[in-house]
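Coordinate inspection notes
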Amino acid sequence: NVSAAEDLARGLRAGLPAGAGSLEVMALDLASFASIRAFARDLQARHPRLDLLIANAGVMATPLGRTTEGFETQLGTNHLGHFLLTSLLLDRLRASAPSRVVVVASRAHHRGSREGLLATLDTDPHYQKRRYQPMVAYGDSKLANILFTRALARRLTGSGVLAVCLHPGV
């Protein structure tokens, strides 16, 4: 919600000491690959450096729904959206090293079904046939965050880009 973000940004800017930096609001819908691509292009056009990418936006325990591309909403938004965004910005992060990617996952990854994400990657990750369970889908999306971050960290070894994930607490 860009309007709400602008309101929040105004309040935050008012509390910043003079010369402390700047705060900018940009539109991004993680449930739309077109929005993600436009955001990445716009960000790179505006900013020559990217020192920190925090993948924190997400949805939780939503009714069954679909992203613009037809993916289950929670996996599509919480994981695939961040995966695409990070992939599109990775060259800028490397060029800005030392830099970081911080993925906000969750201990709720334990709520994913044993027959969930890992067992259904080739069969039904987007709940087209199996019974939809909102917290299981959320857990699957958070497990995907963790697996992605671990693989990314391995791939970035020695590049000056650190990739970590965390549980934000309850």
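Residues numbered from 1 in each chain as written. Predicted model: local features only at pLDDT ≥ 70, side-chain atom pairs only at ≥ 80, totals over all residues. Heavy atoms only, no water.

**What to know about the environment of Arg 49**
In this structure, Arg 49 sits in the loop between helix 2 (33–46) and strand 1 (52–55). On the basis of relative accessible area, Arg 49 is assigned to the partly exposed category, the value being 44%. Along the chain, Arg 49 and Ala 97 lie 48 residues apart, while their C-alpha atoms are 9.1 Å from each other. Excluding residues that lie within four positions of it along the chain, Arg 49 makes contacts with Arg 92 and Ser 96. (Helix = DSSP H or I, 4+ residues; strand = E, 2+ residues; numbered from the N terminus. Buried < 20%, exposed > 50% of the residue type's maximum accessible area, 1.4 Å probe, protein only. Contact = heavy atoms within 4.5 Å.)

**Focus on helix 1 (residues 2–15)**
For helix 1, with 14 residues, the first-to-last C-alpha span of 20 Å sits near the 20 Å given by 1.5 Å per residue. Measuring from the backbone nitrogen of Ser 3 back to the side-chain oxygen at the start of helix 1 gives 3.1 Å, which picks out Asn 1 as the cap. (Expected span 1.5 Å × (residues − 1). Polar contact = N/O pair within 3.5 Å; in protein donor to acceptor, adjacent residues only side chain to side chain.)

**Topic: the pairing of strand 1**
By the alternation rule, side chains of strand 1 split into Leu 53 and Ala 55, which are all buried, and Leu 52 and Ile 54, of which none is buried. Relative to strand 2 (residues 99–104), strand 1 is paired through 4 bridges, and the arrangement is parallel. Residue Leu 52 lies in a different strand from strand 2, and its bridge partner there is Arg 100. (Pairing = 2+ DSSP bridges.)

**Comments concerning the pairing of strand 2**
In terms of residue burial, strand 2 counts as a mostly covered element, since 5 of its 6 residues are buried. Regarding topology, helix 3 (residues 73–95) serves as the crossover connection from strand 1 to the parallel strand 2, and that connection is right-handed. Pairing of strand 2 with strand 3 (residues 161–166), which is carried by 6 bridges, proceeds in the parallel orientation. Within strand 3, the residue paired with Val 101 across the bridge is Ala 163. (Right-handed = clockwise from strand over helix to strand, strands pointing away.)

**Quick look at the pattern of salt bridges**
According to the stated counting rule, one finds 6 salt bridges in the structure shown. Across the salt bridge formed by Arg 49 and Asp 51, the nearest N and O atoms sit 2.4 Å from each other. Note on Asp 51: relative accessible area 38%, which makes it partly exposed. Through salt bridges with shared partners, one network takes in Glu 24, Asp 42 and Arg 46. (Salt bridge = Lys/Arg side-chain N within 4 Å of Asp/Glu carboxyl O.)

**With respect to the nonpolar core**
Within the largest apolar cluster, 22 residues are counted, with the highest numbers of intra-cluster contacts made by Leu 85, Leu 89, Leu 93, Val 101 and Leu 152. Taken together, the elements giving at least two residues each to this core come down to helix 2, strand 1, helix 3, strand 2, helix 5 (134–155) and strand 3. (Core = buried A, V, L, I, M, F, W, Y, C linked by side-chain atoms within 4.5 Å.)

**Things to note about the packing of aromatic side chains**
For the structure on display, the rule yields 3 aromatic pairs. Sitting over the ring of Tyr 127, Arg 130 keeps its end group 3.8 Å from the ring centre. (Phe/Tyr/Trp six-rings, centres within 6.5 Å; stacked < 30°, edge-to-face > 60°. Lys NZ or Arg CZ within 6 Å of the ring centre and 35° of its normal.)

**Let's talk about the confidence of the model for the protein**
Detail in the predicted coordinates should be disregarded across regions flagged by low pLDDT. On average, residues of the protein carry a pLDDT of 91, and 92% of them reach 70 or more. Averaged pLDDT values over the elements of the protein bottom out at 57 in helix 4 (residues 117–120) and peak at 98 in helix 2. (pLDDT = per-residue confidence, 0-100.)

**Thoughts on the side chain of His 126**
Position of His 126 among the secondary structure elements: in the loop between helix 4 and helix 5. The buried category is assigned to His 126, whose relative accessible area is 13%. A polar contact is formed between the side chain of His 126 and the backbone nitrogen of Glu 72, at a distance of 3.2 Å. Setting aside anything within four residues of it in sequence, one finds His 126 in contact with Arg 66, Phe 71, Glu 72, Leu 75 and Leu 80.

**Focus: the environment of Ala 20**
By the element assignment, Ala 20 lies in the loop between helix 1 and helix 2. Taking the C-alpha atoms as reference, Ala 20 lies 17 Å from His 47; in sequence the two are 27 residues apart.

**Some details on the packing of helix 2 against helix 3**
Think of two packed helices as two axes; the pair is described by the angle between the axes and how far apart they sit. At their nearest, the axes of helix 2 and helix 3 sit 10 Å apart, and the two run at 25° to each other. Between helix 2 and helix 3, the angle falls in the class roughly parallel. Where helix 2 crosses over helix 3, the two elements pack in a sense that is right-handed. Contacts from Phe 33, Ile 36, Arg 37, Phe 39, Ala 40, Leu 43 and Gln 44 of helix 2 reach helix 3 at Leu 80, Gly 81, Leu 84, Leu 85, Leu 88, Leu 89 and Arg 92. Here the residues of the contact of helix 2 with helix 3 are counted per class, giving 10 nonpolar, 2 polar and 2 charged. (Axes fitted to C-alpha atoms, helices over the stretch in contact; angles between N-to-C directions. Parallel < 35°, antiparallel > 145°, perpendicular 65-115°, else oblique. Left-handed = near helix turned anticlockwise from the far one by under 90°. Nonpolar A, V, L, I, M, F, W, Y, C, P; charged D, E, K, R; others polar.)

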